[in-house]
Amino acid sequence: MRALDEELTDLADHYRWFAEVEAAPVSPRYAELAAAVAEDDGVLAFLGTLPRAKRQANLLLGALQYLHGGPPADGGQLRERVLGDGSRLRDTMLTRATQTNEAARCTALLPVLSTIPGPLALIEVGASAGLCLYPDRYGYEYSGGVRVGPAGSPVQLRCVVTGRGPVPAGVPPVVRRAGIDLNPLDPADPDTVAWLGALIWPGMEERRDRLTAAAGVAAREPAEIVSGDLVAELPGLVARMPAEATAVVFHTAVLAYLPAAAKEAFTELVTGLPVRWVSQEGVPVLPAVRDRLPEPPAPEESRFLLALDGEPLAYTAPHGGRLDWLPAAAALA
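Bear in mind that the values here come from a model prediction, so they are computed numbers and not experimental data.

J.: Would you explain the overall build of the protein in this entry?
T.: Check the secondary structure of the protein and you find 12 helices and 11 strands. Since a compact globule built from 333 residues should have a radius of gyration of about 20 Å, the 20 Å found for the protein is in line with a globular shape. In terms of its C-alpha atoms, the protein occupies a principal-axis envelope of roughly 60 × 40 × 40 Å. Looking at the protein residue by residue over its 333 residues, the buried ones come to 51%. Considering only intrachain contacts with a sequence separation of at least 6, the fraction spanning at least 24 residues in the protein is 70%. Here the protein displays about 14300 Å² of accessible surface, and carbon together with sulfur accounts for 54% of that area.

J.: Teacher, can you tell me more about the sheet that holds strand β1 (residues 120-125) here?
T.: Hydrogen bonds along the backbone pair up the strands of a sheet, which may run parallel or antiparallel. Here we have 11 strands laid out as an open sheet, ordered β3-β2-β4-β11-β10-β9-β8-β7-β1-β5-β6, and mixed in their pairing. Of all the strands in the sheet, just β3 (146-148) and β6 (224-227) have a single pairing partner and so form its edges. Ignoring which end each strand starts from, the neighbouring axes of this sheet average 20° apart. The strands touched by helix α7 (residues 106-113) within the sheet are β1, β2 (139-142), β3, β4 (156-162), β7 (246-252), β8 (276-282), β9 (304-308), β10 (311-316) and β11 (322-325), with β2 carrying the most contacts at an inclination of about 85°.

J.: Sorry if this is basic, but what is going on with the pattern of salt bridges here?
T.: Side-chain pairs of opposite charge can arise where the charged atoms are in close proximity. This model, assessed by the stated rule, comprises 22 salt bridges. In this structure, R276 engages D309 in a salt bridge whose closest nitrogen and oxygen atoms are separated by 2.7 Å. One end of the pair, R276, is in strand β8; the other, D309, is in the loop between β9 and β10, and 33 residues separate them in sequence. Given a relative accessible area of 26%, R276 falls into the partly exposed group. For the salt bridge of D291 with R290, the shortest nitrogen-to-oxygen distance reads 3.1 Å. What you see here is one network of salt bridges that share partners, running through D136, R137, R177 and E221.

J.: What should I look at first to understand the packing of aromatic side chains in this one?
T.: In this description, a pair of aromatic rings is defined by centroid distance and the angle of the planes. For the structure on display, the rule yields five aromatic pairs. Centroid distance Y66 to W195: 5.4 Å. Interplanar angle 85°. Geometry classified as edge-to-face. With Y66 in helix α4 (residues 57-68) and W195 in helix α8 (residues 190-198), the pair connects residues that are 129 residues apart, well separated along the chain. Linked through ring pairs, F18, Y30 and W201 together constitute an aromatic cluster. Here the guanidinium or amino end of R303 rests over the ring plane of Y315, the centre of that ring lying 3.9 Å away.

J.: How should the pairing of β1 be read in this particular structure?
T.: Along any regular strand, the residues point their side chains to alternate faces of the sheet. A large share of β1 lies buried, amounting to six of its six residues. Bridge count for β1 against strand β5 (residues 174-181) is six bridges, and the pairing is parallel. Each bridged residue has a counterpart across the sheet, and for L122 the counterpart in β5 is R177. Relative to β7, β1 runs parallel, the two being bridged by five bridges. If you follow E124 over to β7, its bridge partner there is F250.

J.: I'm lost on the side chain of T107 in this one. Help?
T.: With respect to the helices and strands, T107 occurs in helix α7. Residue T107 is classed as buried on the basis of its relative accessible area, which comes to 2%.

J.: Is there a simple way to explain the environment of T162 in this structure?
T.: Structurally, T162 can be placed in strand β4. Distance from T162 to D324, taken between C-alpha atoms, is 4.8 Å for residues 162 residues apart in sequence.

Reading the values: the criteria
- Residues numbered from 1 in each chain as written.
- Predicted model: local features only at pLDDT ≥ 70, side-chain atom pairs only at ≥ 80, totals over all residues.
- Heavy atoms only, no water.
- Helix = DSSP H or I, 4+ residues; strand = E, 2+ residues; numbered from the N terminus.
- Rg over C-alpha atoms; globule rule 2.2 N^0.38 Å.
- Buried < 20%, exposed > 50% of the residue type's maximum accessible area, 1.4 Å probe, protein only.
- Contact = heavy atoms within 4.5 Å.
- Areas by Shrake-Rupley, 256 points an atom, 1.4 Å probe, with all protein chains shown as cover.
- Pairing = 2+ DSSP bridges.
- Axes fitted to C-alpha atoms, helices over the stretch in contact; angles between N-to-C directions.
- Salt bridge = Lys/Arg side-chain N within 4 Å of Asp/Glu carboxyl O.
- Phe/Tyr/Trp six-rings, centres within 6.5 Å; stacked < 30°, edge-to-face > 60°.
- Lys NZ or Arg CZ within 6 Å of the ring centre and 35° of its normal.

Encoded structure:
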């Protein structure tokens, strides 16, 4: 009983942290709902019946949006939905995953890709529906009036930039796109798009239109998404890339879901392959990258850290749209 109490206490702390650090700056509704979960013994008890990996705030709140067509109005309605519709909610949380797929993350990817000799063969680890595999199919506007990419693309992305870093003169030539995911999603499937839409936080409605448009791009030009473990599948996928292309392995908000041993195995693997490696993860996720920062990050840091071949280059917004270059990026400018 004491162990269970400790688990639920830790779970409440997770929801408080999510409310205060992750959600409050960008989604007041989610901050309110997560804070309510942290104080609700009944909802915490429901979450305690799920496997540890299925208790996270993003999954609970996304599943509630998916099942009910939108987020709960407040903590009281959240409690009613959790306790009154527990069977459907449990099934949804057990069978779905937080495979957030945000095309705007390409705003950070593109400047780094522009420094790599092409043509490029892109491999995304944790690809979900593969929407970040199309950086050359989207249009971009960066601070200072820099515009690149196809002006007629249905996906037009904006990015605020601070500091000095590489400024893309255009989009790179991409000759192959592929990915790996434990549960690849089909961007042409309406239910898949509905689930991805449910993972978008309240207050970020512009992301829904972008999701629909990016899914249309991906559906018209399907990428090869391999189902399986990233460490097991990556070498074979790299070997199948065109010899004339530079293979680039990239990932965003993926490695945080892996145990420490798996993260270490992946890092050792990717640094030994004939590829360029672009990572965009939470600051603590890759300690070897974090430890190369010029200054220690703030303990409550919620931005992502963008790195090329293990060298940290910028802080980025988790859902795209902001680049804060670090001093090391000036060498690529």
